[in-house]
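Here's the letter readout for the chains.
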Amino acid sequence: MGNIKFVKEGQEVIAANGANLREKALQNGIDLYTFTGKMMNCGGYGQCGTCIVEVTDGIENLSPRTDVENRKLKKKPDTYRLACQALVNGPVSVKTKPSK
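Conventions adopted
Residues numbered from 1 in each chain as written. Predicted model: local features only at pLDDT ≥ 70, side-chain atom pairs only at ≥ 80, totals over all residues. Heavy atoms only, no water. Helix = DSSP H or I, 4+ residues; strand = E, 2+ residues; numbered from the N terminus. Polar contact = N/O pair within 3.5 Å; in protein donor to acceptor, adjacent residues only side chain to side chain. Contact = heavy atoms within 4.5 Å. Pairing = 2+ DSSP bridges. Core = buried A, V, L, I, M, F, W, Y, C linked by side-chain atoms within 4.5 Å. Buried < 20%, exposed > 50% of the residue type's maximum accessible area, 1.4 Å probe, protein only. Axes fitted to C-alpha atoms, helices over the stretch in contact; angles between N-to-C directions.

**Description of the side chain of Thr96**
Note on placement: Thr96 falls in strand 7 (residues 92-96). A polar atom in the side chain of Thr96 sits 2.6 Å from the side chain of Glu9. With residues near it in sequence (within four places) discarded, Thr96 still touches Phe6, Lys8, Glu9, Ile30, Asp31, Leu32 and Val53.

Take a look at the structure:
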């Protein structure tokens, strides 16, 4: 079990090991998307790159970056992940909609 702390929202949710970060956020009313992302998101398939989060703590408790993430996030810091591709395996803190 791992707790996901959404820093900007001041909200913490409980996730079973292997839970998808995007799904847990949406289930708990956490808004991952900017205006454009709301209109153009791919529904969690890793194709649009709009569900970016910044991991502020516990990055070791997420699954490794996927090939899709490596392509979409190649110019972003290593702490950036696509929520739709990240699986939670322990406590983690993330910032939604990180600054560019």
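**Considerations on the pairing of strand 4 (residues 52-57)**
Bridge count between strand 4 and strand 5 (residues 80-82): three bridges; the pairing is antiparallel. Within the sheet, the bridge partner assigned to Glu54 lies in strand 5 and is Tyr80. Sheet topology places strand 4 next to strand 7; four bridges connect them, and they run antiparallel. Residue pairing across strands places Glu54 opposite Lys95, the latter belonging to strand 7.

**Re unusual backbone geometry**
Only a minority of non-glycine residues have a phi that is not negative, and only a minority of peptide bonds are not trans. In this structure, Lys97 is a non-glycine residue whose phi angle is positive, near 45°. Its place among the elements puts Lys97 in the segment after strand 7.

**Describing the nonpolar core**
Ile4, Phe6, Leu21 and Val94 are the most contacted members of the largest nonpolar core, which totals 25 residues. When residues of this core are traced back to their parent elements, those giving at least two are strand 1 (2-6), strand 2 (11-15), helix 1 (21-27), strand 4, strand 5 and strand 7. Here this core gets three residues from one element, more than from any other, and that element is strand 4.

**Looking at the sheet that holds strand 5**
Taken together, the five strands give an open sheet; going across it, the order is 2-1-7-4-5, and neighbouring strands pair in mixed fashion. One side of each edge strand has no neighbouring strand; the edge strands of this open sheet are strand 2 and strand 5. Strand after strand, the sheet turns through a mean of 35° between neighbouring axes, direction not considered. As paired strands, strand 1 and strand 2 are joined by five bridges and run antiparallel to one another. The residue bridging Gly2 from the neighbouring strand is Ala15, located in strand 2.

Purely spatial values, then, with no claim about function.
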